[in-house]
Amino acid sequence: MTFDPAPVRLDGKTCLVTGANGGIGAATAEHFVALGARVLTTDLGAAFTGDCTSEHRAFNLMTPEGLEGCQHWIAAEVPDVLFNNAAIFDMGSVLDADLAQYDRLFGLNVRAMYAVMQATARALVATGRSGSIINLASQAGHRGEALVAHYCATKAAVISYTQSAALALAPHGIRVNAISPGVVDTPMWDQVDALFARAEGKPPGQKKREVGEAVPLGYMGRPFEIARVAVFLAGDQAQYITAQTLSVDGGSVLRM
Ligand SMILES: NC(=O)c1ccc[n+]([C@@H]2O[C@H](COP(=O)([O-])OP(=O)(O)OC[C@H]3O[C@@H](n4cnc5c(N)ncnc54)[C@H](O)[C@@H]3O)[C@@H](O)[C@H]2O)c1
C-alpha cells in the first residue's frame, strides 16, 4: 500500500529556522511546532517573538562571530530540516546601488545563507542522516528589476546554490529546495513600501495595494501561505522533490 492519506507530521524532527522573528520565519516556526517538531530558532534578537515555544539563540549572521556561533550550534544539534530564511532588502538601480549595499545584501542573503546550508549539510552527512533544506529565494530571483539590482541578484544566487547543493547532496538522501514567494505582507514589505514611496513619490501603503492587486489571485500573500508549503517540503510527502524552486506567489511568475 503506497497511498498515504496521512497529513504531514514532523514528530521526531528537529527544524532550524533562521530569520525566525520575521513574518515568514515566525509563521513557519509556528507551523513546525504545531506539527510536532522540535524547533530551533535564531534571529538578531535575544528571544523568539513568534507565537509558540522554541529553543532560541541570537546570532547576527553578518558577523564572523555570529555566523561561526550558528555553525557550531548546527554541528551540535544536527537539524533534520533547515528553513534558511534570514535576508534583508534594499533598493537601488545600477546607477546608484553601490558596493556597500552589495556587501550587505550578499553578506546575508548569499554568504550567510550558503554558510548555514553548508553547516547543516556537513552535520547531516557526518551523522549519516537524511534531511530537507529549504532556502528562501524570491520572485525577484527570476528576473531583474530596474530599481532592485542587488536584491534580485542575491535571490538568483539562492536558486543556483539550491540546485548545486541538491545535486551534491542527493546521494546522501538530503533534499534541497527553494521557495520563491511573490509579495508577502511582512515587516520586510513595510520597508519595501516605504522605499518605493520615497522613490516613486507614492503615499505610504499605496505600493502595497498596487502589488497586491497585480497578483493574478488578487491579493498579497500572507506568511502562513508560505509556511504551509514549507511544511510540505520539510516532510516526507515531498520525498521525491529536490533541486526545485517552488513559486508561492499567487500566479505572478510563470516559467516553462
Ligand atoms: N515578504 C516578501 O514579500 C518576500 C518576497 C520574496 C521573498 N522573501 C524572502 O522571504 C524571507 C523572509 O522574508 P520576510 O518578509 O519574512 O522578512 P522579515 O524582514 O520579516 O524577516 C527577516 C528576518 O531576518 C532577520 N535578520 C536580518 N538581518 C539579520 C542578520 N544579520 N542576522 C540574522 N538575522 C537577520 C530580521 O531580524 C528578520 O526577523 C527572506 O529571505 C526574503 O528575502 C520575502
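Rules used in this analysis
Residues numbered from 1 in each chain as written. Predicted model: local features only at pLDDT ≥ 70, side-chain atom pairs only at ≥ 80, totals over all residues. Helix = DSSP H or I, 4+ residues; strand = E, 2+ residues; numbered from the N terminus. Expected span 1.5 Å × (residues − 1). Contact = placed C-beta atoms within 7 Å. Pairing = 2+ DSSP bridges. Axes fitted to C-alpha atoms, helices over the stretch in contact; angles between N-to-C directions. Buried ≥ 20, exposed ≤ 12 C-beta atoms within 10 Å, placed from the backbone. Near = placed C-beta within 6 Å. Nonpolar A, V, L, I, M, F, W, Y, C, P; charged D, E, K, R; others polar. Domains from an automatic or database assignment.

Quick word on helix α5 (residues 187-200)
The α-helix advances 3.6 residues per turn, and as a result positions three or four apart in sequence lie on the same side.
Turning to step 1, where the next piece is worked out: Here α5 spans 20 Å end to end across 14 residues, near enough to the 20 Å set by a 1.5 Å rise per residue.
Turning to step 2, where the next piece is worked out: Tucked into the core, α5 has its buried residues touching α6 (206-214).
Turning to step 3, where the next piece is worked out: Backbone geometry just downstream of α5 places Gly 201 in the positive-phi region, at approximately 65°.

Description of the sheet that holds strand β3 (residues 55-58)
Turning to step 1, where the next piece is worked out: Spatially, the seven strands line up as an open sheet ordered β3-β2-β1-β4-β5-β6-β7, and their pairing is parallel. At either margin of the open sheet sits one strand with a lone partner, and together these are β3 and β7 (245-248). Averaged over all adjacent pairs, the angle separating strand axes in this sheet is 15°, with direction ignored.
Turning to step 2, where the next piece is worked out: Two strands pair when backbone bridges link them, and strand β4 (residues 81-84) and strand β5 (residues 131-136) are joined in this way by four bridges, in the parallel orientation. Its bridge partner being in β5, Phe 83 is matched across the sheet by Ile 134.
Turning to step 3, where the next piece is worked out: Lying on the sheet, helix α3 (residues 99-126) is in contact with β1 (14-18), β4, β5 and β6 (174-181); it crosses β4 at an angle near 175°.

Structural notes on unusual backbone geometry
Turning to step 1, where the next piece is worked out: The phi dihedral of Val 78 is positive, around 50°, even though this residue is not glycine.
Turning to step 2, where the next piece is worked out: When you line up the elements, Val 78 lands in the loop between α2 (64-77) and β4.
Turning to step 3, where the next piece is worked out: Residue class for Val 78 comes out partly exposed when judged on the 17 C-beta atoms lying within 10 Å of it.
Turning to step 4, where the next piece is worked out: Positive phi values are uncommon outside glycine, yet Ala 243 reaches one of about 70°.
Turning to step 5, where the next piece is worked out: If you trace the backbone, Ala 243 turns up in the loop between α7 (223-234) and β7.
Turning to step 6, where the next piece is worked out: According to the C-beta neighbour criterion, Ala 243 is partly exposed, with 16 such atoms within 10 Å.

Describing the site of the ligand
Turning to step 1, where the next piece is worked out: Around the ligand, the structure places 25 residues, and the nearest of them are Gly 19, Gly 22, Ala 87, Thr 186 and Met 188.
Turning to step 2, where the next piece is worked out: Taken together, the residues of the shell around the ligand break down into 15 nonpolar, nine polar and one charged.
Turning to step 3, where the next piece is worked out: Of the domains in this structure, domain 1 (14-182 + 222-247) and domain 2 (185-220) are the two that each give at least three residues to the shell around the ligand.

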